[in-house]
Amino acid sequence: MKKYLFSGVLLLAFFLIGCPEPKVQKKMPPLFVLSFTIETGAAPSFLITDDFNRDGKLDLVVVNSGGKSFSFFKGNGDGTFKDQKVFATGQDPICVAAADFNRDGYLDLAILDYADQDIRIFMNTRLGGFRQIKTKINAGRIPLNLTAGDFNEDGFPDLAVTLRFHKVSIMLGKGNGKFKAAKSMPMKGQPTGLVLGDYNHDKHVDIAVAVAGSGNRGIQILWGKGDGEFNPSKLFKGGGQPLTIVNIDANIDGYDDLVTSSNPLHAMTTVINNKDETFTGLTDFASGNFPKFVAVADFTGDGIPDIAVSNPTDDVVSVSLGKGDGTFTYPPIYHHVEQHPQGIVAGDFNGDGLIDLAVSCRDEGTINILIKRNMVNPNPNPPDTPKMT
């Protein structure tokens, strides 16, 4: 039965800033077709994909923020998925990260519960399910987002968590699903989304953090030293109110750049890696109204990464094609989905060599699967991307 109950997680509230309507260019045909829908728990939000049972087919995991649970969907390899297996979590799960916490070759899960202010670890049973360990992790006051990576290079995955009150918390893994006590690092503003990468190519894991709020805003890099310690950068321009952040080599130079979404400002921002431990934020651009989560992939096969963005208020996923210079085409290509799309991931779900999309739809209690159409060069002469003010 579908459930329509949802519990909203209010992270930030801002006044909306409008922009003049850009000149509309010729519309491009849709790249994806909505082909399959699966029911989840109540208010599905953050979504990830990987091959959790190691059968060569992509699976899905989504946290159900209104249902105190997460759902696991085993992929059939043809663009469809088996019915959900539901696992109980704490109150208001808002984020999930996958890593092999006990080094058995199978990906486990870390679930962040916003209301309970804890992290729960679920070990992969290798039988198509997960088992929660007893220990709950205290990351700090009001955790907002998390990710997993090996920060001290001991082979055991660690955790990084953004905290509302200007901190990022680091927890080093012990290799058995348990973690050492959290060590917090001060940030120059309120951290929201975070993502991992080696942004200076020194072979150590760094953390890029979106910083929003009423004070300092932009992105800050925590430069990894390889021993679990980090050197914080200065604050770089990276969006008016960046809430989510993703890696993308937007100018095809071999270094990870960043794209942030400023949901209340209807704006996206490309942040270029200057390859000298500095970053430059480009002029904001549009990819739908109230952009939320972002997936990055080369959807057209031209060697340039593109972005797909969930637009909750309009019930669409917008796709903006990369030009290879850090900018993107306009207008975006809109794809209608069910009500209030949230989390979005990219992957080849039907094994045809083309990149597809999966998006969680909060108000419907579903995940929509959008299969990539087999199109060649859908936009050989992309128009200029309009600037926002």
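See above for the structure.
Residues numbered from 1 in each chain as written. Predicted model: local features only at pLDDT ≥ 70, side-chain atom pairs only at ≥ 80, totals over all residues. Heavy atoms only, no water.

(A) Representation of the sheet that holds strand β17 (residues 230-236) within the structure. Spatially, four strands are ordered β14-β15-β16-β17 in an open sheet, and the strand pairing comes out antiparallel. Every interior strand has two partners, whereas the edge strands, β14 (190-197) and β17, have only one. Within the sheet, the average angular offset between the axes of one strand and its neighbour, ignoring direction, is 25°. As paired elements, strand β15 (residues 206-212) and strand β16 (residues 218-224) share five bridges and run antiparallel to each other. When the bridges of β16 are listed, Ala210 appears paired with Ile219. (Pairing = 2+ DSSP bridges. Helix = DSSP H or I, 4+ residues; strand = E, 2+ residues; numbered from the N terminus. Axes fitted to C-alpha atoms, helices over the stretch in contact; angles between N-to-C directions.)

(B) Fine view of the pattern of salt bridges. Evaluation of the coordinates by the stated rule reveals eight salt bridges. Between Lys275 and Asp253 there is a salt bridge; the shortest N-O distance is 3.9 Å. Here Asp253 lies in the loop between β18 (244-248) and β19 (257-262) and Lys275 lies in the loop between β20 (267-273) and β21 (279-281), a separation of 22 residues in the sequence. Through salt bridges with shared partners, one network takes in Asp113, Asp116, Asp118 and Arg120. (Salt bridge = Lys/Arg side-chain N within 4 Å of Asp/Glu carboxyl O.)

(C) Spotlight on the sheet that holds strand β13 (residues 183-186). As summarised here, the arrangement of the four strands in space is β10-β11-β12-β13, forming an open sheet in which the pairing is antiparallel. Both outer strands of the open sheet, β10 (143-149) and β13, are each paired with one neighbouring strand and no more. Strand-to-strand twist of the sheet, defined as the mean angle between neighbouring strand axes without regard to direction, takes the value 25°.

(D) Region of interest: the packing of aromatic side chains. Within the structure shown, the criterion is met by 15 aromatic pairs. Measuring from centroid to centroid gives 6.0 Å for Phe52 and Phe130, while their planes differ by 75°, and the two rings are edge-to-face. Placement of Phe52 in the loop between β2 (44-50) and β3 (59-64) and of Phe130 in strand β9 (residues 130-137) is noted, with a sequence separation of 78 residues between them. For the pair formed by Phe52 and Phe130, the shared burial category is buried. (Phe/Tyr/Trp six-rings, centres within 6.5 Å; stacked < 30°, edge-to-face > 60°. Buried < 20%, exposed > 50% of the residue type's maximum accessible area, 1.4 Å probe, protein only.)

(E) Representation of the side chain of Gln342 within the structure. Looking at where Gln342 falls in the secondary structure, it is placed in strand β26 (residues 341-347). Judged by relative accessible area, Gln342 falls into the buried class, the value being 6%. Ignoring anything within four residues of it in the chain, the contact list for Gln342 reads Pro44, Ser45, Lys292, Phe293, Ser310, Pro312, Val359, Ser360 and Arg362. (Contact = heavy atoms within 4.5 Å.)

(F) Molecular detail of the pairing of strand β11 (residues 158-163). The buried fraction of β11 is high, at six of six residues. The two faces of β11 match: Asp158, Ala160 and Thr162 on one face and Leu159, Val161 and Leu163 on the other face are all buried. Direction of pairing for β10 relative to β11: antiparallel, over a ladder of six bridges. Following the sheet pairing, Leu146 is matched in β11 by Val161. Pairing between β11 and strand β12 (residues 167-171): five bridges, direction antiparallel. Within β12, the residue paired with Thr162 across the bridge is Val168. Joining the antiparallel neighbours β11 and β12 is a turn of three residues, in which His166 adopts a positive phi near 60°.

(G) Fine view of the environment of Glu153. Note on placement: Glu153 falls in the loop between β10 and β11. Exposure remark for Glu153: the relative accessible area of 42% places this residue in the partly exposed category. Separated by 51 residues in the primary sequence, Glu153 and His204 place their C-alpha atoms 8.2 Å from one another. Non-local contacts of Glu153, meaning those with residues more than four positions away in its chain, are made with Lys203, His204 and Gly226. A polar side-chain atom of Glu153 sits 2.5 Å from a polar atom in the side chain of His204. (Polar contact = N/O pair within 3.5 Å; in protein donor to acceptor, adjacent residues only side chain to side chain.)

(H) Representation of the environment of Asp118 in the model. Position of Asp118 among the secondary structure elements: in strand β8 (residues 118-124). On the accessibility criterion, Asp118 (9% relative accessible area) is buried.

(I) Structural context of unusual backbone geometry. Tyr330 connects to Pro331 through a cis peptide bond whose omega is 0°. Its place among the elements puts Pro331 in the loop between β24 (316-320) and β25 (333-336). The residue Asp92 is not glycine, and still its phi comes out positive at about 65°. Structurally, the position occupied by Asp92 is in the loop between β5 (85-88) and β6 (93-99). What makes Asp92 buried here is its relative accessible area of 7%. At Lys203, a position not held by glycine, the phi torsion is positive, near 70°. When you line up the elements, Lys203 lands in the loop between β14 and β15. Judged by relative accessible area, Lys203 falls into the exposed class, the value being 76%.

All quantities given are derived from atomic positions and should not be read as evidence of function.
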